[in-house]
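Descriptive analysis of the structure
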Amino acid sequence: MFQPEWEAMPRDELLRLQLERLRQTVERVYYRVPYYRHRLDEHGIKPEQIGSVEDIIRLPFTRKQDLRDQYPFGLFAVDLSEVKRLHASSGTKGKPTVVGYTRRDLDNWADLCARTIVAAGGRPGDVFHNAYGYGLFTGGLGVHAGAERLGVTLVPASGGNRTRQVTLIEDFKPRGIAGTPSFILSLAETMEEMGKDPASSSLVYGIFGAEPWSEGMRRTLEEKWGIHAVDIYGLSEVLGPGVSIECWQAKNGLHIAEDHFLVEVIDPDTGEPLPDGETGELVFTTLTKEAIPVIRYRTGDIAAVYREPCVCGRTHARMSRIKGRVDDMLIIRGVNVFPSELEHVLLQVKEVTPHYQIIITREGTLDHFTVEVEVSESFKERIGDCPLSEHADGARLTDRLCRLFKDNLGVTTQVVLRRPHEIPRSEGKAVRVIDRRVPQPR
Ligand code: DLL
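First, a word on what this report is: a plain description of the structure on this page. All values derive from a computational prediction rather than experimental measurement.

Glancing now at the side chain of Glu 189. Of note, Glu 189 is situated in helix α8 (residues 181-193). Take Glu 189: its relative accessible area is 11%, and that puts it in the buried class. Polar side-chain contacts of Glu 189 include one of 2.8 Å to the side chain of His 355. When sequence neighbours within four positions are dropped, the list of residues in contact with Glu 189 reads His 355 and Arg 425.

This part covers the packing of helix α7 (residues 162-172) against α8. The contact between α7 and α8 brings their axes to 9 Å, and the two run at 80°. In terms of their interaxial angle, α7 and α8 are classed as roughly perpendicular. Contacts from Arg 162, Thr 163, Gln 165, Val 166, Ile 169 and Glu 170 of α7 reach α8 at Phe 183, Ser 186, Leu 187, Thr 190 and Met 191. A per-class count over the contact of α7 with α8 returns five nonpolar, four polar and two charged.

Summed over the entire model, instances satisfying the criterion amount to nine aromatic pairs. When the centroid spacing of 5.0 Å and the interplanar angle of 85° are considered together, the rings of Tyr 30 and Tyr 31 count as edge-to-face. In this structure an aromatic cluster arises from ring pairing among Tyr 233, Phe 261 and Phe 284. We note Arg 298 situated over the ring of Phe 61; from NZ or CZ to the ring centre the distance is 5.0 Å. The cationic tip of Arg 321 hangs over the ring face of Trp 213; the distance from NZ or CZ to the ring centre is 4.5 Å.

Each strand in a sheet pairs with its neighbour through backbone hydrogen bonds, running either in the same direction (parallel) or in the opposite one (antiparallel). The four strands are arranged β20-β19-β18-β21 in an open sheet whose pairing can be described as mixed. Only two strands of the sheet have a single partner each, and these edge strands are β20 (414-418) and β21 (433-435). Direction aside, the axes of adjacent strands within the sheet are offset by 25° on average. By the bridge criterion, nine bridges tie strand β18 (residues 352-363) to strand β19 (residues 366-375) in an arrangement that is antiparallel. Residue pairing for β19: Ile 359 is matched across the bridge by Thr 370. With respect to the sheet, helix α10 (residues 339-346) is in contact with β18, β19 and β21, its orientation differing from that of β18 by roughly 140°.

So, about the site of the ligand. Not every one of the 20 residues close to the ligand is listed here, only the nearest: Asp 231, Ile 232, Ser 236, Asp 301 and Lys 429. The contact in question runs from an oxygen atom of the ligand to an N or O atom on the side chain of Ser 236, over 2.4 Å. Here an oxygen atom of the ligand and a side-chain polar atom of Arg 325 are 3.4 Å apart. Against a free-state accessible area of 610 Å², the protein chains account for coverage of 91% of the ligand. Elements that contribute at least two residues to the shell around the ligand include exactly α6 (138-150), β7 (228-235) and β8 (240-246). Looking at which element gives the most residues to the shell around the ligand, the answer is β7, with five residues. Taken together, the residues that form the shell around the ligand break down as nine nonpolar, six polar and five charged.

Before going further, it helps to spend a moment on the sheet that holds strand β12 (residues 297-303). The antiparallel open sheet is built from four strands, whose spatial order is β10-β11-β12-β15. The sheet is open, and its two edges are formed by β10 (261-266) and β15 (324-325), each paired on a single side. Relative to β15, β12 is paired through two bridges, and the arrangement is antiparallel. Paired with Asp 301 across the two strands is Arg 325, which belongs to β15.

What follows concerns the pattern of salt bridges. Per the counting criterion, the structure on display carries 37 salt bridges. Note that Arg 418 and Glu 372 form a salt bridge whose closest N and O atoms lie 2.9 Å from each other. Placement of Arg 418 in strand β20 and of Glu 372 in strand β19 is noted, with a sequence separation of 46 residues between them. With relative accessibility at 27%, the residue Arg 418 sits in the partly exposed group. In this structure, a network of salt bridges that share partners links the residues Glu 215, Arg 218, Asp 231, Glu 246 and Arg 321.

Parameters at a glance
- Residues numbered from 1 in each chain as written.
- Predicted model: local features only at pLDDT ≥ 70, side-chain atom pairs only at ≥ 80, totals over all residues.
- Heavy atoms only, no water.
- Helix = DSSP H or I, 4+ residues; strand = E, 2+ residues; numbered from the N terminus.
- Buried < 20%, exposed > 50% of the residue type's maximum accessible area, 1.4 Å probe, protein only.
- Polar contact = N/O pair within 3.5 Å; in protein donor to acceptor, adjacent residues only side chain to side chain.
- Contact = heavy atoms within 4.5 Å.
- Axes fitted to C-alpha atoms, helices over the stretch in contact; angles between N-to-C directions.
- Parallel < 35°, antiparallel > 145°, perpendicular 65-115°, else oblique.
- Nonpolar A, V, L, I, M, F, W, Y, C, P; charged D, E, K, R; others polar.
- Phe/Tyr/Trp six-rings, centres within 6.5 Å; stacked < 30°, edge-to-face > 60°.
- Lys NZ or Arg CZ within 6 Å of the ring centre and 35° of its normal.
- Pairing = 2+ DSSP bridges.
- Near = heavy atom within 4 Å.
- Areas by Shrake-Rupley, 256 points an atom, 1.4 Å probe, with all protein chains shown as cover.
- Salt bridge = Lys/Arg side-chain N within 4 Å of Asp/Glu carboxyl O.

If you want it as structure tokens, here you go:
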């Protein structure tokens, strides 16, 4: 552990610490952020009325829209002169959200990211390849600071430029790597195309997250690279990377940094709290953030939380892998499907790659879902130049995929085969769903 005094804290002590920090945070936002003061007054609650951690449920939720409405600095609890760094979302789905960090916030963030590298099996002195994008996205610079804090030899590769990254991996011989699972998979493919075997690289561990991925993808990444792969989770509104991390010993759920965040799971429809072990929407309250503390932030991410002890000795609660996002859930002919569940199925079929896209169109009042799936190089060679849908093997493969989706996920979808590389590779987070529905007049 990087900070065993915090990461393996006895739970009763942790609870006391959480209460103290929760009170400080609520006080902070009440007296410094007019928005929160107004919301808390509306709910009839004053900071001094927080008597236990359970009182959290008396506080109002914060949503992404609240950050947008307060764009850019309306939720900041410090003067801008105390904010030492800004990060922002890309704003593709609306106004961007902006987050800020004080010197102390950056310091805590570096500790939390250093914890994640150690949890993945990293140690000072490792060469460490960071393929998260640098810039306004929190992935690159967040992991960067953690790597420096731990004392590794850092390669700030950022995203993109696959051939160059492969060369860097071959030449610098990193022990650890971090990036989105889709990007690191595409690096392995680039390496294979260059006639090299990724499994013969120096890599021992990989830290993957920032987008949903499946157990099947974990196996694929582990086998292709000959590494063990752990899941890292985070979101800019709460911190960035480092909110939770799997340990290499168990690889079974992500330890939430509970000394810095209070986690809840709620029913996304009713907002009611759900007990441990039940799947719902994750809600986080920051306990130490100075620049932009958030109260009961609704992440939109679907997971369960459990508190059984872990073999690694960390006492912090664990969350399951993220199943998907409330707003990414597709309802295909009445069946709820998260895109990453498709990935899990595709990984069982050797004739296809795990690269896929779901295209949604609308005909009349009905939504149509087409899953575009890319065939493997060896399958393409077998078929030659014949259009995939006209070849008997192509038709058989399409039928088989349709059946697998039906059997495993209960959905009937159309499947269209694509040739290798026809589905665009991500430089960072993969785009899995393309919505071509024209907005319908009300
Ligand atoms: O993606 C922070 C991050 C960077 C996490 C590097 C891990 C590694 P945002 O760009 O604000 O921040 O996006 C946050 O990404 O609400 C989830 O929907 C998704 N996400 C993040 N990690 C995971 C994960 C960063 N391990 C949003 N599994 C979150 C599934 C993830 N989804």
